[in-house]
Amino acid sequence: SHHHRINRYSNLISRLAMGFGIPYGSSLALPFEKSFFAGGANSMRAWYARTLGPGTYKNTIDIEQSGDLKFETNVEYRSELVEFVNGMKLEGAAFVDAGNIWLLNDDGSRPGGKINSGAISELGIGSGLGLRFNFSFFIFRLDFAVKLRDPSLDSTERWVYSNQKFVIGDITPNLAIGYPF
């Protein structure tokens with residue numbers, strides 16, 4: 001991650017997270033506890049925890065998805081909005097997240113999950129706004145994000161808002177303690 005202080009009140013933070021695991025022996029996938037995940041408060045905030053990917057797989061049963069490879073990048077602008085007398089600060093944030101997970105081997109139960117040469121076109125992109133309640137000894141965070149590009153959609157419809165109007169139900173809320181990165 002990289003932190004760039006713009007001025008006394010504002011920072012621009014960026015992060016790149018990548019992972020690669022090779023299944024051992026006759027295994028076709030990494031063990032669940034060693035797998036990579038995408039989505040949630042500290043990852044791709046426009047998706048609920050562990051629901052993005054792998055690849056273009058469309059998760060219809062809403063269970064956790066795992067993969068053997070992960071690529072994720074995030075950019076977040078943070079700015080102090082108000083400083084209270086007791087030292088607590090209210091900070092605002094605007095962010096963009098991009099990434100996905102993939103499988104090394106075909107999995108018949110998750111079509112489209114295997115990495116291929118077109119992986120860049122399978123990146124999910126989300127953006128949003130958030131509030132950080134900075135109590136100096138811990139930070140309480142509330143983020144609201146929307147999917148801008150959804151890899152689980154048909155390749156001609158992945159840019160979400162070129163095909164539909166925005167509705168409040170598109171917002172994914174995330175509640176967490178601490179900065180996301």
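For the structure given in this document, a descriptive report is provided here. (Residues numbered from 1 in each chain as written. Predicted model: local features only at pLDDT ≥ 70, side-chain atom pairs only at ≥ 80, totals over all residues. Heavy atoms only, no water.)

A short note on the overall build of the chain
Tallying secondary structure elements over the chain gives 0 helices and 7 strands in all. Walking the chain from its N terminus toward its C terminus, one meets helices and strands in the order β-β-β-β-β-β-β. In summary, the chain has a C-alpha radius of gyration of 18 Å against a globular reference of 16 Å for 181 residues, a match within 12%. Taken over the C-alpha atoms alone, the chain extends approximately 60 × 40 × 30 Å along its principal axes. The 181 residues of the chain split such that 44% are buried. (Helix = DSSP H or I, 4+ residues; strand = E, 2+ residues; numbered from the N terminus. Rg over C-alpha atoms; globule rule 2.2 N^0.38 Å. Buried < 20%, exposed > 50% of the residue type's maximum accessible area, 1.4 Å probe, protein only.)

Section: the sheet that holds strand β7 (residues 172-177)
Working definition: the strands of a sheet are paired by backbone hydrogen bonds and lie parallel or antiparallel to each other. Spatial strand order, β1-β2-β3-β4-β5-β6-β7: 7 strands in an open sheet with antiparallel pairing. Two strands lie at the open edges of the sheet, namely β1 (2-5) and β7, each paired on one side alone. On average, each strand axis in the sheet is inclined to that of its neighbour by 20°, with strand direction left out of account. Bridge count for strand β4 (residues 89-102) against strand β5 (residues 124-134) is 11 bridges, and the pairing is antiparallel. For F95, the partnering residue across the bridge sits in β5 and is G128. (Pairing = 2+ DSSP bridges. Axes fitted to C-alpha atoms, helices over the stretch in contact; angles between N-to-C directions.)

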